[in-house]
Amino acid sequence: AWKMYLGRPDTDRFRRDAMEILGGALVTSQRCAEALPVLEATLALQRRYWSHDFEHIHITQTNLACCLDELGRSDEALVLERVIYAKEAASRGISDESTITSGSNIVAYLMGLKRWDEAETFARDPLLPVARQALGSDHNLTLTLSQSLAMALYANPERTRNGLCFIALLTMTRFRCQHRRQYAGSRDHHAG
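Right, let's walk through the structure included here. (Residues numbered from 1 in each chain as written. Predicted model: local features only at pLDDT ≥ 70, side-chain atom pairs only at ≥ 80, totals over all residues. Heavy atoms only, no water.)

## Focus on the overall build of the protein chain
(1) Moving on: A count of helical and extended segments in the protein chain gives 8 helices and 0 strands.
(2) Moving on: Listed N to C, the secondary structure of the protein chain is α-α-α-α-α-α-α-α in terms of helices and strands.
(3) Moving on: Long-range contacts, defined here as pairs at least 24 residues apart, represent 54% of the contacts in the protein chain between residues at least 6 apart.
(4) Moving on: Surface exposure of the protein chain reaches about 11,000 Å², of which carbon and sulfur atoms provide 55%. (Helix = DSSP H or I, 4+ residues; strand = E, 2+ residues; numbered from the N terminus. Contact = heavy atoms within 4.5 Å. Areas by Shrake-Rupley, 256 points an atom, 1.4 Å probe, with all protein chains shown as cover.)

## Description of the packing of aromatic side chains
(1) Moving on: One pass over the structure, following the stated rule, counts 2 aromatic pairs.
(2) Moving on: Taken together, a centroid distance of 6.0 Å and an interplanar angle of 70° make the contact between Tyr49 and Trp50 edge-to-face.
(3) Moving on: A centroid spacing of 5.4 Å and a plane angle of 75° characterise the contact between Tyr85 and Phe122, whose relative ring orientation is edge-to-face. Here Phe122 lies in helix 6 (residues 116-135) and Tyr85 lies in helix 4 (residues 74-92), a separation of 37 residues in the sequence. Comparing Tyr85 with Phe122 shows no difference in burial state: the two are buried.
(4) Moving on: A cation over a ring is seen here: Arg13 above Phe14, with NZ or CZ 4.4 Å from the ring centre.
(5) Moving on: The ring of Trp50 is capped by Arg16, whose NZ or CZ atom sits 4.8 Å from the centre of that ring. (Phe/Tyr/Trp six-rings, centres within 6.5 Å; stacked < 30°, edge-to-face > 60°. Buried < 20%, exposed > 50% of the residue type's maximum accessible area, 1.4 Å probe, protein only. Lys NZ or Arg CZ within 6 Å of the ring centre and 35° of its normal.)

## Points about the pattern of salt bridges
(1) Moving on: Within the structure shown, the criterion is met by 11 salt bridges.
(2) Moving on: A salt bridge links Glu76 to Arg73; the nearest nitrogen and oxygen atoms lie 2.8 Å apart.
(3) Moving on: On the accessibility criterion, Arg73 (30% relative accessible area) is partly exposed.
(4) Moving on: Among the salt bridges present, the one from Arg115 reaches Asp75, with a minimum N-O distance of 3.6 Å. Of the two residues, Arg115 is situated in the loop between helix 5 (97-112) and helix 6 and Asp75 in helix 4; the sequence distance between them amounts to 40 residues.
(5) Moving on: Classification of Arg115 as partly exposed rests on a relative accessible area of 28%.
(6) Moving on: Note on Asp75: relative accessible area 48%, which makes it partly exposed.
(7) Moving on: Ionic contacts of the salt-bridge type, sharing partners, join the residues Arg13, Arg16, Asp17 and Asp53 into one network. (Salt bridge = Lys/Arg side-chain N within 4 Å of Asp/Glu carboxyl O.)

## So, helix 6
(1) Moving on: With 20 residues, helix 6 extends just 25 Å between its outermost C-alpha atoms, more than 12% less than the 28 Å of an ideal straight helix rising 1.5 Å per residue.
(2) Moving on: Packing partners of the buried residues in helix 6 comprise helix 4, helix 5 and helix 7 (140-155).
(3) Moving on: Downstream of helix 6 by a residue or two, Gly136 has a phi angle that is positive, lying close to 100°. (Expected span 1.5 Å × (residues − 1).)

## As for the nonpolar core
(1) Moving on: Among the nonpolar cores identified, the biggest contains 41 residues, and Leu64, Cys67 and Val107 are the most heavily contacted of them.
(2) Moving on: Those elements that provide at least two residues to this core are helix 1 (13-28), helix 2 (32-49), helix 3 (54-70), helix 4, helix 5, helix 6, helix 7 and helix 8 (161-191).
(3) Moving on: Tallying contributions element by element places helix 6 first for this core, with 8 residues.
(4) Moving on: Non-local contacts of Leu64, meaning those with residues more than four positions away in its chain, are made with Leu36, Leu39, Glu40, Leu43 and Leu80. (Core = buried A, V, L, I, M, F, W, Y, C linked by side-chain atoms within 4.5 Å.)

## Points about the packing of helix 1 against helix 2
Axis angle and axis distance: for two packed helices, these are the angle between their axes and the distance between the axes, and together they describe the pair.
(1) Moving on: At a minimum axis separation of 8 Å, helix 1 and helix 2 run at an interaxial angle of 150°. In this view, helix 1 runs roughly antiparallel relative to helix 2, as classed from their interaxial angle. Judged by the sense of rotation from one axis to the other, the crossing of helix 1 with helix 2 is left-handed. Where helix 1 approaches helix 2, its residues Arg15, Arg16, Met19, Glu20, Leu22, Gly23, Gly24, Leu26 and Val27 are matched on the opposing element by Cys32, Glu34, Ala35, Val38, Leu39, Ala41, Thr42, Leu45 and Gln46. (Axes fitted to C-alpha atoms, helices over the stretch in contact; angles between N-to-C directions. Parallel < 35°, antiparallel > 145°, perpendicular 65-115°, else oblique. Left-handed = near helix turned anticlockwise from the far one by under 90°.)

## Brief notes about the side chain of Asp17
(1) Moving on: Structurally, Asp17 is set in helix 1.
(2) Moving on: Judged by relative accessible area, Asp17 falls into the buried class, the value being 18%.
(3) Moving on: Looking at Asp17, its side chain comes within polar contact range of the side chain of Arg16, at 3.0 Å. (Polar contact = N/O pair within 3.5 Å; in protein donor to acceptor, adjacent residues only side chain to side chain.)

Below, the structure is given as structure tokens:
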């Protein structure tokens, strides 16, 4: 069905949308070699004719970063994800969930590249405190960031005793949160 839009002018919104959907679907179905030229062409069109449309550019850039990572081009994916994060932070603020998600992606790419110290620093300083404050300690994204930080500390061959103590602290905090969620209902039930 997407081929019917190919004859339309570059400025046609439906053509852009069809290309964006096709690129995303190819990434989702793990056909990244096929997705790459579609995503690159879509991003070029978006930058040329719809540079003001942050949402569509963001979606395409995120898909492109995933695609590059899957193709073993993680350094390029990391550069692109840092651009996405900077734009998210500038337009939505660092406390926005999509900005925090983009930051979490950066941590994941850094860990994939075995850049443990950078992953630890980025997760520990700007991301995790902001996620806790904006989303809460029990939010899935906050817990994911905590786990990523623990993994970065654990996997780092140059980790220190302080790093291991921090892992223990994270584990206990996660346990406490899960324990609180699990037993909160039973306490309320007995109180009534």
